[in-house]
Amino acid sequence: MPLVETHADLGHQAGQVLVDNWRDTHTVPSDTLYPHQWSWDSAFVAFGLRHICPRRAQVELETLFDAQWADGRVPHIVFDPRVDADAYFPGPKFWQSSGAPGAPTVETSGLIQPPVHAPAAWAVHRADPEESTRRGFLERLYPRLAAWHRYLATDRDLGGRGLAAIVHPWESGMDNSPAWDLPLSRVEPLPGHSFVRRDLHHAAPADRPTDADYGRYLKLATRYRDHGYRDADTPHEFAVEDPCTNALLVAAELAMARIAEEIGADPTPHHDTAARIAGALVRLLFDPAMGAFVPRDALTGERIASVTVGGVIPLIVPGLPEEITEAVVDTLCGPWFRLTDAHMVPSYRLTAPDYSPRRYWRGPAWYNTAWLVREGLLTHGYDNLAQALRASMLETAASGGFREYVDPWNGRGRGSGRFSWTASLVLDLLRDPSGKLAGG
Ligand code: 2M8
């Protein structure tokens, strides 16, 4: 079948996934594995949803921000009260958010995820500016987005170096990434018999994090919960400055500048914050010997010598020094990520001894990170590489199922099927191949 027809069909199927995964006020990442609302999933979903129903894309983000905490944090999961409390673990009974100070009435987790929301809000507005203005979409969301970014830039500057720290691997969105192995090794896991996983009912154990990983995730989350999710009071055992989260915060502040201009507010503070965080990112997290950005342990002050896809995503930051941009693109095209012949972008170095083609964030290629890398390539004028990556994403998706992640060597789908951000970002690539982070 000619490629153009395949793609027309692909767009239709992608739209159908988004329609089927819509739950009145939000989209579930997957009908089986993730039956609630997730934070960065909703932002990625909004980028695609705006092409078929801009109003729904607005509601997606508004629902998430209705669950914002008083301190500005946007929870990583908002639980749907209509779904059985045991359908996902750890569910509302574990997080006990309603007992925590400043939590919303709806049950949520106490963790966060990377800040993709402001760029999503700006893209959603531009999909139908008239309807957005009529509903006061940006005016209402702007102060909430500002509070969210303030929380990240201040309460989460746990290392005092001008970068936001994550306090749990789930906060990176790249849960079992090898980048967290070292800081996580200090955490004594809860014993396996003390919890019952639900994810293994829906996905192959070899595709998911291990029980030992879960034991550590739960240990960290329990300690945070038992300190009321108060950052200053929790003796964090894990606090890491993640390059991907901080690069997204830069892009998000630049999007805030565009939103501020649109609603007649002052964009200057957003430009200033973006420049400050970008400076710290380059100074503290770029590793010239690796040709990539690496995380930094906020507790020890040491860099973690592990390059993952999170270390190339900072390409989305405009105005990086040229030698850094070139080094990161070389890394992407070299044997670690093989941009021009792998399926999309592997989540971990293909040559690493502990690389796994199927275990979740330890090797498989994901659509959201490929979409971000493509945005980074466009930001710095690598249009041909961006075009090749788009083709790779569409071809991989066309092989079927809108899977959660794929084996970078053969493109075979893994994890959940009919996955929302996969469908959404494929739709976005089909309908709007232009760059759109940081205001487009
Ligand atoms: C995955 O994370 C959740 C925990 O938040 C899980 O494994 O149960 C990650 O891929 C994360 O990035 C994503 O937001 C979430 C829902 O799709 O699933």
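Preceding this paragraph is the structure being described.
Residues numbered from 1 in each chain as written. Predicted model: local features only at pLDDT ≥ 70, side-chain atom pairs only at ≥ 80, totals over all residues. Heavy atoms only, no water.

Take the site of the ligand next. By nearness alone, 17 residues border the ligand, and Asp41, Tyr88, Gly173, Asp175 and Tyr360 come closest of all. Tyr34 is positioned with one of its side-chain polar atoms (N or O) 3.4 Å from an oxygen atom of the ligand. Gln113 places a polar side-chain atom, nitrogen or oxygen, 2.9 Å from an oxygen atom of the ligand. Against a free-state accessible area of 410 Å², the protein chains account for coverage of 100% of the ligand. Across the shell around the ligand, the residue classes tally to 11 nonpolar, 3 polar and 3 charged. (Near = heavy atom within 4 Å. Polar contact = N/O pair within 3.5 Å; in protein donor to acceptor, adjacent residues only side chain to side chain. Areas by Shrake-Rupley, 256 points an atom, 1.4 Å probe, with all protein chains shown as cover. Nonpolar A, V, L, I, M, F, W, Y, C, P; charged D, E, K, R; others polar.)

A sheet is described by the order of its strands in space; here 3 strands give the open sequence β8-β9-β10, paired in antiparallel fashion. What marks the edges here is a single partner per strand, and that holds for β8 (365-366) and β10 (413-414). Note that strand β9 (residues 405-406) and β10 share 2 bridges and pair antiparallel. Note that in β10 the partner of Val406 across the bridge is Gly413. (Pairing = 2+ DSSP bridges. Helix = DSSP H or I, 4+ residues; strand = E, 2+ residues; numbered from the N terminus.)

What follows covers unusual backbone geometry. Of note, the amide linkage connecting Phe89 to Pro90 takes the cis form, showing an omega dihedral of 0°. A positive phi angle, close to 70°, is found at Asp24, a residue other than glycine. The exposed category is assigned to Asp24, whose relative accessible area is 56%. With a phi angle near 45°, Arg418 is a residue other than glycine that sits in the positive phi range. Among the secondary structure elements, Arg418 is positioned in the loop between β10 and α16 (420-431). With a relative accessible area of 38%, Arg418 lands in the partly exposed category. (Buried < 20%, exposed > 50% of the residue type's maximum accessible area, 1.4 Å probe, protein only.)

We now examine the sheet that holds strand β4 (residues 240-241). Read across the open sheet, the 3 strands follow the order β3-β4-β7; overall the sheet is antiparallel. Every other strand in the sheet has two partners, leaving β3 (165-166) and β7 (296-297) as the edge strands with one partner each. Across 2 bridges, the pairing between β3 and β4 is antiparallel. Bridged to Ala165 within β4 is Glu241.

A few words now on the packing of helix α14 (residues 367-379) against α16. As a packed pair, α14 and α16 sit with axes 9 Å apart at the nearest point and diverge in direction by 30°. Judged by the angle between their axes, α14 and α16 are roughly parallel. Each of Tyr367, Asn368, Trp371 and Arg374 in α14 lies in contact with α16, whose residues at this interface are Trp421, Thr422, Leu425, Val426, Asp428 and Leu429. (Axes fitted to C-alpha atoms, helices over the stretch in contact; angles between N-to-C directions. Parallel < 35°, antiparallel > 145°, perpendicular 65-115°, else oblique. Contact = heavy atoms within 4.5 Å.)

Our next topic: helix α5 (residues 117-127). Across the 11 residues of α5, 9 count as buried, placing the element largely inside the fold. Regarding α5, the residues found buried are His117, Ala118, Pro119, Ala120, Ala121, Trp122, Ala123, Val124 and His125. The secondary structure elements touched by the buried residues of α5 are α2 (39-52), α3 (54-66), α6 (129-135), α7 (137-153) and α11 (243-263).

Quick look at the packing of aromatic side chains now. Scanning the model with the defined rule gives 27 aromatic pairs in all. Residues Phe89 and Phe195 carry aromatic rings whose centres are separated by 6.4 Å and whose planes lie at 10° to one another, so their mutual orientation is stacked. Of this pair, Phe89 sits in the loop between β2 (77-78) and α4 (92-95) while Phe195 sits in the loop between α9 (181-185) and α10 (211-226), and the two are 106 residues apart along the sequence. Arg197 extends its terminal NZ or CZ atom over the ring of Tyr214, reaching a point 4.0 Å from the ring centre. Seen from the ring of Phe94, Arg225 lies directly overhead, with NZ or CZ sitting 4.9 Å from the centre. (Phe/Tyr/Trp six-rings, centres within 6.5 Å; stacked < 30°, edge-to-face > 60°. Lys NZ or Arg CZ within 6 Å of the ring centre and 35° of its normal.)

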